[in-house]
Amino acid sequence: MEQFLFYAFAAMAILSALLLVSIRNTARALFLLFIVLFAMAGLYLFALADFVAITQILVYVGGVLILLIFAFMLSNKELLADLQSTSQRFMSLPNWQSMSLSLAFLAVLVYSFIAWTKEAPEWMARAQADGSILSPTDDNIQTLGLKFMTQYILPFEIISVFLMMALIGAAHLSRREGSR
Amino acid sequence: MITLTHFLLVSACIFCIGLYAVLAKRNAIMILVGIELMINASILNFVAFSRYDKTNYGGQIFALFAIVLAAAAVAVGLAIILNVYRQFKTINPQNIHELKD
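Under an unreviewed UniProt entry, the name given to chain B is NADH-quinone oxidoreductase subunit K, and the organism recorded is Sphingobacterium allocomposti. UniProt's Subunit (unreviewed entry) comment on chain B is quoted here verbatim: "NDH-1 is composed of 14 different subunits. Subunits NuoA, H, J, K, L, M, N constitute the membrane sector of the complex." For chain B, the Sequence similarities (unreviewed entry) comment in UniProt is given as "Belongs to the complex I subunit 4L family."

An unreviewed UniProt entry annotates chain A as NADH-quinone oxidoreductase subunit J originating from Sphingobacterium allocomposti. As recorded by UniProt, the Function (unreviewed entry) comment attached to chain A reads in full: "NDH-1 shuttles electrons from NADH, via FMN and iron-sulfur (Fe-S) centers, to quinones in the respiratory chain. Couples the redox reaction to proton translocation (for every two electrons transferred, four hydrogen ions are translocated across the cytoplasmic membrane), and thus conserves the redox energy in a proton gradient." You can read under Catalytic activity (unreviewed entry) in the UniProt record for chain A the words "a quinone + NADH + 5 H(+)(in) = a quinol + NAD(+) + 4 H(+)(out)".

This is the structure:
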């Protein structure tokens, strides 16, 4: 059952991502991104990361996707131009070149992953031998909160200041020219 | 129990789809979507490895950091895209080749 659900979520993510890059209509592609992000959140659950899955849904679907749809609506005239502009391109590669490039990269990744799992690092083997891997009954969220406030306090503060800088920068950039 | 290889293969597929979107699309918003797909694939890798790291929880913590970084990147990127659209009336990256106004 668990295997079947995992394969269902993986197939949903990969197929809708493939459809996302092949579809012409940007609005439909953005709504397909919605499905991809939900399926990825489902995949995080199978790695026993429930808090990361919920955060993915909150941040991506609630924030990032709304922002993307906003930007799409504010630059809406591109919808028609994107359908025809297949000639005179020199910066972005033609489709078959980028497809062969990404397929080659996929081949390299798959080969290296399969070769790598034959000799996994010893900390993973040790964790498996000890039986100290995450189990579904663990109290994930409490442990994450404790770790954030004790062991990872410095990265947490840095990321907070960085997020504030990025948001102020975004607000400054998107200001109208005349209103300064 | 799902083994680590399954997660790695799924994330490799998602990453390459995102790479294709970045290389082939002629719309800045779709390029940003491709970058988001690549970040999601890396988050899946973080989370999958974090299962074996019960003492430190490093993978899940840094997956959350990566989500925050992606949100910041999207906010700044969309602000830049809106500015570029206001300036050039297009968001096709190949039509934007002048630095001066």
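A. Up close: the interface of chain B and chain A. Every contact between the two is made by 77 residues of chain B and, on the other side, 91 residues of chain A. For the pair chain B and chain A, the summed buried area comes to about 7800 Å², and 73% of that belongs to carbon and sulfur atoms. Our count for the contact surface shared by chain B and chain A stands at 1 salt bridge. The salt bridge partner of Asp138 of chain A is Lys54 of chain B, with a shortest N-O separation of 3.4 Å. Summed over the shared surface of chain B and chain A, the result is 16 residue pairs in polar contact (both at pLDDT 80 or more).

B. Up close: the packing of helix α1 (residues 4–24) of chain B against helix α2 (residues 28–50) of chain B. Residues and elements named next belong to chain B. Running from amino to carboxyl end, α1 crosses α2 at an angle of 165°, the nearest separation of the two axes being 7 Å. Accordingly, the angle class assigned to the pair α1 and α2 is roughly antiparallel. Considering the relative orientation of α1 and α2, their crossing is left-handed. Packed against α1, whose contacting residues are Leu4, Phe7, Leu8, Val10, Ser11, Ile14, Phe15, Ile17, Gly18, Leu19, Ala21 and Val22, the element α2 presents Met30, Ile31, Gly34, Ile35, Leu37, Met38, Ala41, Leu44, Asn45, Ala48 and Phe49 at the interface.

C. Just the nonpolar core, in detail. Leu20, Val52 and Leu68 of chain A together with Ile14 and Ile43 of chain B are the most contacted members of the largest nonpolar core, which totals 81 residues. When residues are assigned to domains, this core turns out to be shared by domain 1 (1–83) and domain 2 (138–180) of chain A, each giving three or more. Among residues more than four places away in sequence, those in contact with Leu68 of chain A are Leu30 and Leu33 of chain A together with Ile29, Leu32, Val33 and Leu78 of chain B.

D. Representation of unusual backbone geometry in the model. Unlike most non-glycine residues, Leu48 of chain A shows phi in positive territory, near 60°. Its place among the elements puts Leu48 of chain A in the loop between α2 (26–46) and α3 (50–74). Backbone geometry places Tyr57 of chain B, a non-glycine residue, at a positive phi of 55°. Considering the arrangement of structural elements, one finds Tyr57 of chain B in the loop between α2 and α3 (58–88).

E. Inspection of the side chain of Asn140 of chain A at higher detail. Its place among the elements puts Asn140 of chain A in helix α7 (residues 140–149). What Asn140 of chain A contacts, discounting residues up to four positions off in sequence, is Leu48, Ala49, Asp50 and Leu134 of chain A together with Tyr57 and Gln60 of chain B.

F. Examining the domain arrangement of chain A more closely. When its domains are assigned, chain A resolves into domain 1 (1–83) and domain 2 (138–180). A separation of 23 Å is found between the C-alpha centroids of domain 1 of chain A and domain 2 of chain A.

G. A look at the environment of Thr90 of chain B. All names here are of chain B. With respect to the helices, strands and loops of the structure, Thr90 is situated in the segment after α3. The class for Thr90 is buried, based on a relative accessible area of 10%. Separated by 62 residues in the primary sequence, Thr90 and Ala28 place their C-alpha atoms 9.4 Å from one another.

H. Region of interest: the side chain of Ser11 of chain B. Residue and element names in this part refer to chain B. Within the fold, Ser11 resides in helix α1. Among the polar contacts listed, one links the side chain of Ser11 to the backbone oxygen of Leu8, at a separation of 3.1 Å. Look past the residues within four positions of Ser11 in its chain and what remains in contact with it is Ala41, Leu44 and Asn45.

I. View of the UniProt feature "transmembrane region" (unreviewed entry) in chain A. Residues and elements named next belong to chain A. When the UniProt feature table is mapped to this numbering, "transmembrane region" (unreviewed entry) covers residues 6–23, 30–47, 53–75, 96–116 and 152–173. When the span residues 6–23 is considered, its composition is 94% helix and 0% strand, and the gap between its end C-alpha atoms is 26 Å. As a span, residues 96–116 carries 100% helix and 0% strand, and end to end its C-alpha atoms are 30 Å apart.

Criteria and cut-off values
- Residues numbered from 1 in each chain as written.
- Chains lettered and ligands numbered in written order.
- Predicted model: local features only at pLDDT ≥ 70, side-chain atom pairs only at ≥ 80, totals over all residues.
- Heavy atoms only, no water.
- UniProt positions renumbered as here; feature names shortened; annotations may be inferred.
- Contact = heavy atoms within 4.5 Å.
- Buried area = accessible area lost by both parts, 1.4 Å probe.
- Salt bridge = Lys/Arg side-chain N within 4 Å of Asp/Glu carboxyl O.
- Polar contact = N/O pair within 3.5 Å; in protein donor to acceptor, adjacent residues only side chain to side chain.
- Axes fitted to C-alpha atoms, helices over the stretch in contact; angles between N-to-C directions.
- Helix = DSSP H or I, 4+ residues; strand = E, 2+ residues; numbered from the N terminus.
- Parallel < 35°, antiparallel > 145°, perpendicular 65-115°, else oblique.
- Left-handed = near helix turned anticlockwise from the far one by under 90°.
- Core = buried A, V, L, I, M, F, W, Y, C linked by side-chain atoms within 4.5 Å.
- Buried < 20%, exposed > 50% of the residue type's maximum accessible area, 1.4 Å probe, protein only.
- Domains from an automatic or database assignment.

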